[in-house]
Amino acid sequence: MQKKDCFYLGKIVKKYSFKGEVLVKLDTDQPEIYENLDAIFLNLRNNLVPFFIEHSQLHKSELLRIKFEDVNEEADADAIMKSELYLPLDLLPKLEGNKFYFHEVIGFTIEDVNYGKVGTLKAINDSTAQALFEIDRNGIEILIPMNDKFIVKVDRKNKTILVETPEGLIDLYL
């Protein structure tokens, strides 16, 4: 399995018990749908390695407590600490309407209700307080906040996202 065929689910953040259990910080708004997994991929030295799960349960709502097969003591848990967890893309729940996964809209055309075609979505920057569409318009980078009020329609069939930005926002970049 390769990383491009998977999605990032979360990261092991600490040990839970002396029996090898770990706590995972999940990168999801719906942690409960990942509570009963059978297996998961851990990124170990840039290789995705399958790990089978003996049991798992939500811990304090945003953490997932996992007991992996063959991880039976603290030293085993230490060896996988801070590892990122991945699952195959086909396990992502399908989203409809204007909800989307960041990876699925890269390459979409961004159009503005008032401005027209803005450019091609090259990335989503979610490292800031407000996630941003990073759009390429003939070599010029345009940033549009990913705000539900701005997103009018996500058209998966035609690979476009229709936005309605405040007057003058796009002109700031041109």
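Here the structure is shown first, and the text comes after it.
Residues numbered from 1 in each chain as written. Predicted model: local features only at pLDDT ≥ 70, side-chain atom pairs only at ≥ 80, totals over all residues. Heavy atoms only, no water.

1. Digging into the sheet that holds strand β6 (residues 84-88)
As a reminder of what qualifies: Strand pairing is defined by DSSP finding a minimum of two bridges between the two strands. Where helices and strands are cited, they refer to DSSP runs of H or I of at least four residues and of E of at least two residues respectively, numbered from the N terminus. Each axis is a line fitted through C-alpha atoms, and for a helix only the stretch in contact is used; angles between axes span 0 to 180 degrees, taken between their N-to-C directions.
Spatial strand order, β1-β2-β5-β4-β3-β6: six strands in a closed barrel with antiparallel pairing. Strand-to-strand twist across the sheet, computed as the mean angle between neighbouring axes with direction ignored, equals 45°. Pairing of strand β3 (residues 39-44) with β6, which is carried by three bridges, proceeds in the antiparallel orientation. The residue of β6 that forms the bridge with Asn43 is Glu84.

2. Details of the sheet that holds strand β9 (residues 132-137)
If you walk across this open sheet you meet the six strands as β10-β9-β8-β7-β12-β11, and the pairing is mixed. Pairing within the sheet leaves two strands with one partner each, and these edge strands are β10 (140-145) and β11 (151-155). Across the sheet, the axes of successive neighbouring strands diverge by a mean angle of 35°, strand direction being ignored. Pairing of β9 with β10, which is carried by six bridges, proceeds in the antiparallel orientation. Bridged to Glu134 within β10 is Leu143.

3. As for the side chain of Asp112
Note the cut-off: When accessible area is computed with a 1.4 Å probe and restricted to protein chains, residues below 20% of their type maximum are described as buried, those above 50% as exposed, and intermediate ones as partly exposed. Only four residue types enter the charge count: Lys and Arg as positive, Asp and Glu as negative, with His and the chain ends excluded. A side-chain nitrogen of Lys or Arg and a carboxyl oxygen of Asp or Glu constitute a salt bridge if their distance falls within 4 Å. The term polar contact refers here to a pair of N or O atoms within 3.5 Å; inside protein, the definition further demands a hydrogen-donor-capable atom paired with an acceptor-capable atom, and it admits residues adjacent in sequence only when both atoms are side-chain atoms. By definition, residues are in contact when any of their heavy atoms lie within 4.5 Å.
For Asp112, the position within the fold is in strand β7 (residues 109-112). No salt bridge is formed by the buried Asp112, whose closest oppositely charged neighbour, Arg137, lies at an N-O distance of 10 Å. A polar contact of 2.9 Å, which involves the side chain of Asp112, links it to the backbone nitrogen of Tyr115. Those residues in contact with Asp112 that lie beyond four places of it in its chain are Val118, Leu162, Val163, Glu164, Thr165 and Ile170.

4. Examining the side chain of Glu134
Note that Glu134 resides in strand β9. It is Lys122 that comes nearest to the buried, bridge-free Glu134 among opposite-charge side chains, at 5.1 Å. Filtering out sequence-adjacent residues up to four positions away, Glu134 remains in contact with Thr120, Leu121, Lys122, Ala123, Asn125, Glu141, Ile142 and Leu143.

5. Notes on the pattern of salt bridges
Taken as a whole, this structure holds seven salt bridges when the rule is applied. Here Lys67 and Glu54 are joined by a salt bridge, their closest N and O atoms 3.8 Å apart. Remark: Glu54 occurs in strand β4 (residues 47-59) and Lys67 occurs in strand β5 (residues 63-68); sequence separation between them is 13 residues. Classification of Glu54 by relative accessible area gives partly exposed; the value is 45%.

6. Topic: the nonpolar core
Counted only if it meets this: In plain words, nonpolar cores are sets of buried Ala, Val, Leu, Ile, Met, Phe, Trp, Tyr and Cys residues tied together by side-chain atoms within 4.5 Å.
Judged by nonpolar contacts, the single largest core of 22 residues is most densely connected at Leu9, Ile40, Leu42, Phe68 and Ile80. With 20 residues, the next largest nonpolar core counts Phe108, Ala131, Phe150 and Ile151 among its residues.

7. A closer look at the packing of aromatic side chains
The line we're drawing: In this scheme Phe, Tyr and Trp rings, the latter by its six-membered ring, pair at centre separations within 6.5 Å, and the angle between planes marks the pair as stacked below 30 degrees, edge-to-face above 60, and tilted otherwise.
Scanning the entire structure with this criterion turns up four aromatic pairs. Summarising the aromatic geometry, the rings of Tyr8 and Tyr86 are spaced 5.8 Å apart at their centres and angled 70° between planes, so their arrangement reads as edge-to-face. On the criterion of sequence distance, the pair formed by Tyr8 in strand β1 (residues 6-15) and Tyr86 in strand β6 is long-range, its members being 78 residues apart. What makes Tyr8 partly exposed here is its relative accessible area of 33%. Residue class for Tyr86 comes out buried when judged on its relative accessible area of 7%. The interplanar angle of 25° and the centroid separation of 6.2 Å between the aromatic rings of Phe100 and Phe133 together place this pair among those described as stacked. Of this pair, Phe100 sits in the loop between β6 and α2 (102-105) while Phe133 is found in strand β9, placing the two residues 33 residues apart along the sequence. With respect to burial, Phe100 and Phe133 carry one shared label: buried.

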